[in-house]
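# Structural overview for review
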Amino acid sequence: MKLKLHLFSVLLLLFVSSCQKQTEKFTRSQCFDEGWKFYLGKLPETAGMTVDDSQWRTLDLPHDWSIELPFSREKGNIATAQTVGGVGWYSKKFTLQPSQENKIIQLYFEGSYMETEVWLNGQKAGYHPYGYTSFFCDITPFCHPAGKENTLVVKVSNLGKNSRWYAGSGIYRHVWLITADLLHLDNWGVFVTTPSVAEDKATVHVSADILNETAEEQDLDAVIQIKDRTGKIAGEKTVHVTGLKAKEQSTLNEDIEITNPDLWSPDSPVLYTAVVSIQTGNRVRDEMTVPFGIRSIAFSPKEGFLLNGKSLKLKGGCVHHDNGLLGAASIDRAEERKVELLKTNGFNAVRCAHNPPAEKFLEACDRLGILVIDEAFDQWQKQKNPEDYHRFFDEWHEKDVTSMVKRDRNHPSIIMWSIGNEIPERADSSGVAIAKELKSIIRKYDVTRPVTAAICSFWDNPGLQWSDAERAFANLDVCGYNYRWDVYESDLKQFPDRVLFGGESTAMERAANWDLVEKYPNIIGDFVWTALDYLGESGIGHAVEVKTGEKEPPLFIDWPWFNAWCGDIDICGNKKPQSLLRDVLWNESKITMAVHKPLPEGYYENISFWGWSQEYPEWNWKGYENKPLEVRVFTRYPAVRLYLNNQLLEEKPVSTVEGSKTKYIASFTVNYLPGELKAVGVASGEEKESVTLRTAGAPAKIRLTPDRARIGNSRNDLSYVQIELLDENGLVVPDADCPVRLSVAGQGEIAAAGNASPTDMESFRSPTPKTFHGQALAIVRPLGKAGTISLKAVADGLPEAVVDIEALP
């Protein structure tokens, strides 16, 4: 049973309502996002000790300052989407309540890019250099007594060349204030596993680390409750702990049997919760609630990947962490929407490239049913950029791997841990030793999932051959192959017990890839680069027109390109042409069709390794009447009939050439006439499913379509509003793009607007975006109060359009 996506909107409203302002009565975790001051620029080194923030800008987190700044041709670069970093300063004042006296006070940063220094009341309280791992900062010794104001200063540095893609800058994920009793559960110390899973019963194992930071020995009761999705208690146990000495830790390990469990899977992502509390007498000293899923995973060369004992192929895509028009700012709804897009477009798995993702992204994968490869690093000791993480690896890798695993190990969606992506020293003796160590660190905290890594050809080590990759695979339980589908079969002949997957592949080669996935059980899936378009690595997926005799563009394309343009889905959430073949391969559609953009005379098309032809599911080609156009039809049917304005043009067989880029494609040349182009699949002489493209007329109106017209009033909620130019019959007009002027009234703001073009810098995050193939996007964000938000769109010569969105308390 597939859960309807609109149900998860209700769940999100319930979740985001918990992130409210600090109140007199503290909770264990308080959202600390509101009311920060911000300054961008250099300050004296002593600024963390004494700072005057009276002239600083006021803002809420999550925050990415790079996305707010103009593109810079001088200071930006291809890798980071022509944006700039720098040094940013954040400050916040807060006062502890009497109920927080004699407690442990910590700050929890979900993510801050890149090097982060924390100062409280003039004293340095912490430092964290990796921009993608979450971290705690114990501020207990630096806090003023309850009732006296504290001053928090956070310095974030994003300097030099430190990333191969758009990373963003600043405190781009949530911050929390943690208040814990001196007798408490460790922050990431509750770990729930399901060692035995069957349809009639399952064993839930709960491990919980209890810390006694009081000055006395403690006796306590640990109460464990397992609740089903309705909140009903499905199993419980109370454990008496006696004699826990001062300043020591005890770890509980308890099994609870659940009868007739609802098993978690992508088609039925049912979640349970484990509620663990520790009590002395009638006093609850600490409590944690941990969502989890009851499911089993296994990997077998004979049966492939098994979820709950059933074989499942991974229909995967790689995803970077940015949120398109929002930059790196990790707003909860933005993270959830990414997962919704994956699910809606047929993906059942995602590889987090190349770092641990936002917690809310993983929570959405749990709720919606997307399997996850959680990845730690893009480099180890050897650099890919001069100022990247390699500078910190030796000192920090154990802390960062521990952070990833302990934070994320309760997510049922995660099925593998990846220790690295295309690591330069992957086959060196040093790299082999590092891989072994990283695996051992993971095994300290989780033995239920395999360890993998993404291994590519040795383009970066010219003296090595593919056979040397065996050293890189030596410490992996499951082998990730980047762009090496050409050696799948030969490697499996040599290593028949190997389980592998395509860690990265290209859209143009996806048919050959997926055929191999379907053919061999131990090739468990394929992850295209990428599922979603992302900022940075500008133009890596280009398809451009080149005049005969002129120089072809490089792999990456400079200004004004700022978008990688290799995704199956663009940054506004729309399908791109390469999705048409994927839909057929994954049986999301029986037949799809696209028309190639006409090339000017004397030009040819240059398509990058990660690119796709400039073809579109459109039949608007004014000026090319009676001129030939290339039409491609994608289908698994053996033949296709093509009709133009109800007249049969031709029937052609669909290519069946194994391993070719033309398989599952029938190609036609059609003289263009406006009207209706229809392709029909043919099997055994009978017509089956069809797809139709229709010519749209001139723009007659603007349509505004919110993905949700009722949202929460939290700053963590958003409504994504699709902007479309329509003709009088309601068809999208793809060839008459124009600027659209946006404005908002009521209890909301336009967080960002733009289109999906990889080169239209003027429209990116602009209140007057130009449509691209007839479409643009506005992202509406509540101001924090309940009420109506009205978005208005105006374009020259068209009636204005208005849509109302309700922000609910």
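Only a predicted model underlies this, so the values are computations on that prediction, with no experimental measurement involved. (Residues numbered from 1 in each chain as written. Predicted model: local features only at pLDDT ≥ 70, side-chain atom pairs only at ≥ 80, totals over all residues. Heavy atoms only, no water.)

Moving on: the overall build of the protein. Looking only at helices and strands, one finds 9 helices and 46 strands in the protein. Taken over C-alpha atoms, the radius of gyration comes to 27 Å for the protein, in line with the 28 Å a tight globule of 809 residues would show. With the C-alpha coordinates aligned to their principal axes, the bounding extent of the protein is approximately 90 × 65 × 55 Å. Considering the protein as a whole, with its 809 residues, one finds that 60% of them fall into the buried category. Considering only contacts in the protein between residues 6 or more positions apart, those separated by 24 or more positions represent 72%. (Helix = DSSP H or I, 4+ residues; strand = E, 2+ residues; numbered from the N terminus. Rg over C-alpha atoms; globule rule 2.2 N^0.38 Å. Buried < 20%, exposed > 50% of the residue type's maximum accessible area, 1.4 Å probe, protein only. Contact = heavy atoms within 4.5 Å.)

Right, let's talk about the pattern of salt bridges for a bit. Evaluated as defined, the whole model comprises 55 salt bridges. Between Lys382 and Asp428 there is a salt bridge, with its nearest N and O atoms 2.8 Å apart. Taken together, the residues span a long stretch of sequence, with Lys382 in the loop between strand 23 (371-375) and helix 4 (393-408) and Asp428 in the loop between strand 24 (414-421) and helix 5 (429-445) at a distance of 46 residues. As a salt-bridge pair, Arg641 and Glu651 come within 2.6 Å of each other at their nearest N and O atoms. (Salt bridge = Lys/Arg side-chain N within 4 Å of Asp/Glu carboxyl O.)

A few words on the nonpolar core. Leu314, Leu342, Phe361, Phe377, Trp380, Ile419 and Leu438 are the most contacted members of the largest nonpolar core, which totals 124 residues. The residues contacting Phe361, other than those within four sequence positions of it, are Glu335, Lys338, Val339, Leu342, Val350 and Cys352. (Core = buried A, V, L, I, M, F, W, Y, C linked by side-chain atoms within 4.5 Å.)

One closed barrel accounts for 8 strands, arranged 21-22-23-24-25-26-27-28; its pairing is parallel. In this sheet, neighbouring strand axes are inclined to one another by 25 degrees on average, regardless of whether the strands run parallel or antiparallel. Here strand 23 pairs with strand 24 via 4 bridges, running parallel. When the bridges of strand 24 are listed, Asp374 appears paired with Trp417. Strands strand 23 and strand 24 of the sheet are contacted by helix 4, whose axis makes an angle of about 170 degrees with strand 24. (Pairing = 2+ DSSP bridges. Axes fitted to C-alpha atoms, helices over the stretch in contact; angles between N-to-C directions.)

Of all 6 residues that make up strand 30 (residues 591-596), 6 are buried, and the element is covered over most of its length. The two faces of strand 30 match: Ile591, Met593 and Val595 on one face and Thr592, Ala594 and His596 on the other face are all buried. As defined by bridge partners, strand 30 adjoins strand 33 (residues 628-635) across 5 bridges and the pair is classed as antiparallel. Paired with Val595 across the strands is Val631, a residue of strand 33. One ladder, built from 2 bridges, connects strand 30 with strand 32 (residues 615-616); its direction is antiparallel. The residue of strand 32 that forms the bridge with Val595 is Tyr616.

Another point: the packing of aromatic side chains. Any pair of aromatic rings gets described here by the distance separating the centres and the angle formed by the planes. In total, this model carries 40 aromatic pairs according to the counting rule given. Look at Phe377 and Tyr389: their rings are 5.2 Å apart centre to centre, the planes differ by 15 degrees, and that puts the pair in the stacked class. Taken together, the positions of Phe377 in the loop between strand 23 and helix 4 and Tyr389 in the loop between strand 23 and helix 4 put the pair 12 residues apart, joining distant regions of the chain. Ring plane angle 90 degrees and centroid distance 4.9 Å describe the contact between Phe609 and Trp610, whose orientation is recorded as edge-to-face. Judged by its relative accessible area of 14%, Trp610 is buried. Above the plane of the ring of Trp466 lies Arg484, whose end atom (NZ or CZ) is 4.8 Å from the centre. The aromatic ring of Phe668 is capped on one face by Lys652, whose charged end is 5.5 Å from the ring centroid. (Phe/Tyr/Trp six-rings, centres within 6.5 Å; stacked < 30°, edge-to-face > 60°. Lys NZ or Arg CZ within 6 Å of the ring centre and 35° of its normal.)

Here the focus is the sheet that holds strand 14 (residues 233-244). The antiparallel open sheet is built from 4 strands, whose spatial order is 14-13-16-17. Of all strands in the sheet, those with a lone pairing partner are strand 14 and strand 17 (283-292), marking the two edges. Strand-to-strand, the axes of this sheet are offset by a mean angle of 15 degrees, without reference to chain direction. Of the strand pairs in this sheet, strand 16 (residues 272-280) and strand 17 are connected by 9 bridges, and their pairing is antiparallel. Note that in strand 17 the partner of Ser277 across the bridge is Glu287.

Turning to the pairing of strand 11 (residues 183-197), a few remarks are in order. Regular strands have side chains that alternate between both faces of the sheet. In terms of burial, strand 11 is largely enclosed, as 11 of its 15 residues are buried. Here strand 11 pairs with strand 12 (residues 201-212) via 9 bridges, running antiparallel. Counterpart to Leu185 in the pairing with strand 12 is Ile210. Joining the antiparallel neighbours strand 11 and strand 12 is a turn of 3 residues.

The end-to-end C-alpha distance of helix 2 (residues 332-344), which contains 13 residues, comes to 18 Å, matching closely the 18 Å that a straight helix rising 1.5 Å per residue would cover. Helix 2 sits mainly inside the fold: 11 of its 13 residues count as buried. All of the buried residues in helix 2 are Asp332, Arg333, Ala334, Glu335, Glu336, Arg337, Lys338, Val339, Glu340, Leu341 and Leu342. In the stretch just after helix 2, Gly346 is the one whose phi turns positive, near 95 degrees. (Expected span 1.5 Å × (residues − 1).)

Taken across its 10 residues, helix 8 (residues 510-519) has 8 buried, putting it largely inside the fold. Along helix 8, the residues that are buried comprise Arg510, Ala511, Ala512, Asn513, Trp514, Asp515, Leu516 and Val517. Where the residues of helix 8 are buried, they touch strand 21 (314-319), helix 7 (488-494), strand 27 (500-505), strand 28 (523-528) and helix 9 (579-585).

Glancing now at the packing of helix 2 against helix 3 (residues 359-368). Two elements in contact, helix 2 and helix 3, have axes whose closest approach is 8 Å; the angle formed by their N-to-C orientations is 40 degrees. When the axes of helix 2 and helix 3 are compared, the pair comes out oblique. Between helix 2 and helix 3 the crossing geometry is right-handed. In contact with Asp332, Glu335, Glu336, Lys338, Val339, Glu340, Leu342 and Lys343 of helix 2, helix 3 contributes Lys360, Phe361, Ala364, Cys365, Arg367 and Leu368. (Parallel < 35°, antiparallel > 145°, perpendicular 65-115°, else oblique. Left-handed = near helix turned anticlockwise from the far one by under 90°.)

The subject of this paragraph is the confidence of the model for the protein. Confidence along the protein averages 96 in pLDDT terms, with 97% of residues attaining 70 or more. Note that residues 1-25 has pLDDT below 50 and, in this model, 45 contacts with residues that lie over four places away or in other chains. (pLDDT = per-residue confidence, 0-100.)

Turning our eyes to something else, we now look at the environment of Lys575. Secondary-structure assignment places Lys575 in the loop between strand 29 (543-547) and helix 9. Judged by its relative accessible area of 44%, Lys575 is partly exposed. Through-space distance from the C-alpha of Lys575 to that of Leu341 is 9.5 Å; in sequence the pair is 234 residues apart. With residues near it in sequence (within four places) discarded, Lys575 still touches Asn345, Asp568, Arg582 and Asp583.

Another aspect to go through is the side chain of Thr280. Structurally, Thr280 can be placed in strand 16. Setting aside chain neighbours within four positions, we find Thr280 in contact with Leu183, Gln218, Asp219, Leu220 and Arg285.

A separate point is the state of the cysteines. Summed over all chains, the structure comprises 0 disulfides. As a non-bridged cysteine, Cys365 has Cys352 as the owner of its nearest cysteine sulfur, 6.7 Å distant. Given the relative accessible area of 0%, Cys365 is considered buried. Counting only cysteine sulfurs, Cys738 is the nearest neighbor of Cys572, a cysteine outside any disulfide, at a range of 15 Å. Overall, Cys572 belongs to the buried group, its relative accessible area being 3%. (Disulfide = S-S within 2.5 Å.)

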